[in-house]
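Close look at the chain arrangement
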Amino acid sequence: MSESAGGGKDGRGARRELDSMIQDAGVAPAAIARLLDALEDEIRAPVVRGLGRKAQKALYGKVQGYAPICLIDLVPSNRPDLEEVRHLGRNSLPAFTIFEKRFCRLMGGAPDSPKELAGYNFQTLSPLTGPGYFIAVEDANTKEVLVDYKRLPDQTPEEWPEVRSNETGLSRFVYGFMVDRLRRVSEQVSIGSAARNGRELDSYFVLCRAD
């Protein structure tokens, strides 16, 4: 395994190891979390964004029930209300795979236990598809986070784009009637699956929080 100057794994070595661990049924989710947590910040996001569809689907199944993910994993409690927190992502679609989900805590939300977050999707097709706004909430039954595109925030950071409905124009075909489900992978990494009108789409995405 090649090493970086700082003593940690380089990106290619870490990505190969991560792919291998995801596909190995004998590797526990905690071991994957330890690998990702140990990576330097500038390496972690490219490694995560290197996961293709097969690895994303396998990882989503592998971490089911592993550990809870909370809203404060997406927007840490030390971040002010309405401050943007970027999550660098890659989806399993055949094109336009690189994107970001950007979250913030709403004004007046408890920093340690907010009830919901606002967010939108940042990607190259946003001028056509719309920003894909959503409200994120915790699912108490599964200890996962639901990203609900059927709900729109009534407050956002000033620099964010104008809030638009997800049920008109091209937005309807990309975000309309959608709810994503997020599962915890590590401290900064999560894996998601998309559903429309309650039907799973066999479509996945992975996110890495950019601190």
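Relevant structure appears above.
The written sequence of each chain sets the order in which its residues are numbered from 1. Where local features are concerned, this predicted model is filtered to residues with pLDDT of at least 70; where side-chain atom pairs are given and counted, the filter is 80 or more; whole-chain, interface and lining totals use all residues. As a rule here, side-chain values cover all heavy atoms of the structure and leave hydrogens and water aside.

**Regarding a nonpolar patch on the surface**
Each patch is built from salt-bridge-free residues with over 30% relative accessible area, joining like charges within 9 Å and nonpolar side chains (Val, Leu, Ile, Met, Phe, Trp, Tyr) within 5 Å. The method behind every accessible area is Shrake-Rupley, applied with a 1.4 Å probe, and residues are considered shielded solely by the protein chains displayed. One speaks of a salt bridge when a side-chain nitrogen belonging to Lys or Arg is within 4 Å of a carboxyl oxygen belonging to Asp or Glu. Taken together, the side chains of Leu-128, Leu-170, Phe-173 and Val-174 define a hydrophobic patch exposed on the protein surface, amounting to about 410 Å² of accessible area. The way it works is that DSSP assigns letters per residue, a run of H or I at least four long becomes a helix, a run of E at least two long becomes a strand, and they are numbered from the N terminus. Here Leu-128 is to be found in helix α6 (residues 126-129). Classification of residues uses two cut-offs on accessible area relative to the type maximum, computed with a 1.4 Å probe and protein chains only: under 20% is buried, over 50% is exposed, and between them is partly exposed. Under the relative-accessibility criterion, Leu-128 is labelled exposed at 54%.

**A closer look at the environment of Leu-117**
Relative to the helices and strands, Leu-117 resides in strand β3 (residues 117-122). The residues touching Leu-117, leaving out its near neighbours within four places in the chain, are Leu-71, Leu-74, Val-75, Phe-103, Cys-104, Arg-105, Phe-134, Ile-135 and Ala-136. We call two residues in contact whenever any of their non-hydrogen atoms come within 4.5 Å of each other.

**Some remarks on the pattern of salt bridges**
In total, this model carries 16 salt bridges according to the counting rule given. For Arg-151, the salt bridge identified is with Glu-116, shortest N-O distance 2.8 Å. Here the residue Arg-151 occupies a position in the loop between β5 (144-148) and α7 (171-174), and Glu-116 occupies one in the loop between β2 (98-105) and β3, the gap between them amounting to 35 residues. You can call Arg-151 partly exposed: its relative accessible area is 36%. Here Asp-148 makes a salt bridge to Lys-150, at a shortest N to O gap of 3.1 Å. By relative accessible area, Asp-148 is classed as buried at 15%. Lys-150 sits in the partly exposed class, given a relative accessible area of 44%. Within the structure, one salt-bridge network assembled from shared partners comprises Glu-84, Arg-86, Glu-100 and Arg-102.

That is the geometry; function is a separate question.
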